[in-house]
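If you want the building blocks of each chain, they are given just below.
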Amino acid sequence: PAPAAPVFGAAGAADGRANGPAVTRSGGAALAQYPRTVHQETDVVLYPYGPGSPQQVGVASIVEESPNPGAAYFIWLSSQRPQQQQYVSQSEPPSQFQPHQAPAFATVQMMQVKVWIRDIVKIRHFIPDPQAMAQLIIISRSKALPPLYFQSSALDRIMDAFTEYLILTPSQDGKDCYDCQDIVQYRINAENKARAQIGDQFAAQAAQPSATAPSARMGNLMSGMLTGFARVTSIARDAVMDPGSVVQPASNWLYPPLEDGDTPAAAYPPPPHDMVPPLHPTQNVTPPPRSPSSSTHSLKEDDFELVGEEEDVGARANRERLLQEAREKVAVEPRQAPLSVDEWISLFDEFGCLSQRKWDSIRLRIFRGGFDQAIRPEAWKYLLGYYPLGSNIEERGEIDKQKKAQYYSYKRQWSTVTPEQEANWSELRQRKHNIDKDVVRTDRNWAYYKEHSSPNLRILNDVLLTYTFYDYDLGYVQGMNDLVSILLIVMDSNEVETFWCFKGLMDRIGDNFEKNQTGMHRQLGQISLILKYIDYEFWVYLKKHNSSELFFCFRWLLILFKREFPLLDVLRIWETIWCDFFCTYHHLFLTIAMVLRYRDRIMNEEMEFDDILKVLTSPCFGVS
């Protein structure tokens, strides 16, 4: 039976969020060994010696031992010093929760409970009435934890935190009971199942009797391929992909060389749009993040039934018919109004927290409408991982202080270098030279950077140079300046916030800038593979004209279409990509759509690679 309602001591409010992230009780020191505390609730009650025994009030935390999501633990630490060291063991879980095979209760030693989250198989939570404390029971593969008692609002938050690591599905063991599965393993299993189903379907179609008309057989294969591809996209949208490699393309397509006597503004190709008024943050807005997993799913030829290099007339006509039917069935959703300031504020609870559940509920809205300009400076901090989901106002204030101190620590590593030191440091001189050369040519036709004395040019330079000391192995690569330029505008010239948002962006696309260009090669290979199956005729044309590697898409992917569209459109495109609603590789389909827009012109004019490159990288491409 449930014990009497726990009584709090002088430790603080029942809701741990009001106390901020720092735990100053006895449990805080024990948690210091973990590099990251994902979530924490104070005043969580446990009856370690059975119902009727003295209660113990403690801290419940989800902590990570390493950046690997699998190395996460749920820990309860007592805030009170036990009178004597005791061990607790019960052979049966509480009577109100009886799974088929009930493991023994976990041993509580020195008032600590710890379980590896990947080992959790069941969770039950029960709220007897609004005034009573909520009970949480956790069962892992090897043990069951003693019941923990939370305030109901704190229980909601801890359950939200669990969903970052576990898939929770209703269990047959009773109401409010959930079966748990490790989220990483769930995604792997889902992807493997989808692949197997698609493979079986294609194998069955390929094994049809030879008497079947070639055109009908081709139609069945294409129809199955389109259905299967959609299924893989929806099920395995966040699966991790393995890097691949292809031929290395030309690398310096971003800027023309500076000639003697040229002014930077004259040498820089004018963008196809004008600068919009600076974006100012809204003082009343208090926002949150995404979990950005930057993973993508690898698309390989083994995923599909291969079509021969040549098609007969009947097969081609049937494939075109199927593709046209697919286009007609696709729902074209109009752009919605941006998420407004009032809507944004309404997402937060009374402590200024935005839960993972609320964030997931607006991802479709972000995908179709983006953010109002007034909330972008705050909302992008969540998209790019500057703020964690679930953080309250006080915690975000602490995060701001920590990130500011860290940034200037990195900046001092180069700003305090004396001229004598720099004279003997050739690598630093070279990096400063490369950054200086690109900064003076970055968006100089925009009012934000037009004046040579503009402080924004100095901030842009400092952020880029500081990042080379944050990630010294990667350093500076041409194209980074284009990304930081927009982030600096959105963050209204805030140097610290621009740096950390750029760091979050590089966590997503950093492999685009690797010297071996592994990330770029992988994405170009994926685009070519997808194009082969949605427009085989065009893919064959590009292959015959040495263009199937799609190197003309290189700049689009490297700097996320920044040169191809007006600034406000670029902001909306980035938000659509970063919200990871349908998949984490939406930018690949956007790239294909841009190429196919010029398909007929390319084929009718029989363009070679150089002609295609000239058309698709011209300044007016995105606008036209």
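Whatever comes next refers back to the structure up there.
Residues numbered from 1 in each chain as written. Predicted model: local features only at pLDDT ≥ 70, side-chain atom pairs only at ≥ 80, totals over all residues. Heavy atoms only, no water.

Peer 1: How do you make sense of the nonpolar core when you look at a structure like this?
Peer 2: Soluble, globular proteins show a tendency: their nonpolar side chains are buried together. Counting 100 residues, the largest nonpolar core has W344, W359, F371, W380, I486, W574 and W578 as its most contacted members. By size, the runner-up hydrophobic cluster in this structure holds 28 residues, among which are F74, V113, I138 and F150. (Core = buried A, V, L, I, M, F, W, Y, C linked by side-chain atoms within 4.5 Å. Buried < 20%, exposed > 50% of the residue type's maximum accessible area, 1.4 Å probe, protein only.)

Peer 1: What's the story with helix α10 (residues 393–415) in this structure? I'm lost.
Peer 2: Residue pairs three or four apart in sequence face the same way in an α-helix, which turns once every 3.6 residues. Spanning 23 residues, α10 covers 32 Å between terminal C-alpha atoms, matching the ideal 33 Å at 1.5 Å per step. Taken as a whole, α10 has its buried residues at E395, R396, I399, K403, Y407, Y410, K411 and W414. Those residues of α10 that are buried lie in contact with α9 (376–383), α13 (455–470) and α15 (495–509). The N-terminus of α10 is capped by N392, whose side-chain oxygen sits 3.1 Å from the backbone nitrogen of E394. (Helix = DSSP H or I, 4+ residues; strand = E, 2+ residues; numbered from the N terminus. Expected span 1.5 Å × (residues − 1). Contact = heavy atoms within 4.5 Å. Polar contact = N/O pair within 3.5 Å; in protein donor to acceptor, adjacent residues only side chain to side chain.)

Peer 1: Would you mind going over the pairing of strand β2 (residues 56–64) with me for this structure?
Peer 2: It is a general feature of regular strands that their side chains alternate between the two faces of the sheet. For β2, the buried fraction is high: nine of the nine residues fall into the buried class. Pairing geometry for strand β1 (residues 36–46) and β2, over eight bridges, is antiparallel. What sits directly across from Q40, in β2, is S61. Two strands pair when backbone bridges link them, and β2 and strand β3 (residues 72–78) are joined in this way by seven bridges, in the antiparallel orientation. Bridging from a neighbouring strand, I62 pairs with F74 of β3. (Pairing = 2+ DSSP bridges.)

Peer 1: I keep staring at the pattern of salt bridges and nothing clicks. Help me out?
Peer 2: Pairing between side chains of opposite charge can happen when their charged atoms approach one another. Counted by the stated rule, this structure contains 28 salt bridges. For K381, the salt bridge is made with E497, and the minimal N-O distance between the two is 2.7 Å. Placement of the pair is K381 in helix α9 and E497 in helix α15, with a sequence separation of 116 residues. Salt bridges sharing partners connect three or more residues here, namely K411, R458, D462 and E495. (Salt bridge = Lys/Arg side-chain N within 4 Å of Asp/Glu carboxyl O.)

Peer 1: Can you help me understand the sheet that holds strand β9 (residues 177–182) in this one?
Peer 2: Sheet strands associate in pairs through backbone hydrogen bonding, adopting either a parallel or an antiparallel arrangement. Spatial ordering of the open sheet is given by β4-β3-β2-β1-β7-β6-β5-β9-β8, a layout of nine strands whose pairing is antiparallel. Each of the sheet's edge strands pairs with one partner strand only, and the pair in question is β4 (112–116) and β8 (166–170). Within the sheet, the average angular offset between the axes of one strand and its neighbour, ignoring direction, is 30°. With respect to the sheet, helix α2 (residues 152–162) is in contact with β1, β2, β3, β5 (120–126), β6 (134–140), β7 (148–150) and β8, its orientation differing from that of β6 by roughly 25°. (Axes fitted to C-alpha atoms, helices over the stretch in contact; angles between N-to-C directions.)

Peer 1: I tried to follow the state of the cysteines on my own but got confused; where do I start?
Peer 2: Throughout this description, disulfide means a covalent bond between two cysteine sulfur atoms. Throughout the structure, instances matching the rule amount to zero disulfides. The thiol of C180 is unpaired, and the distance to the nearest cysteine sulfur, on C177, comes to 8.1 Å. C180 sits in the buried class, given a relative accessible area of 13%. Cysteine C579 shares no disulfide, and the gap to the nearest cysteine sulfur, in C583, comes to 9.6 Å. (Disulfide = S-S within 2.5 Å.)

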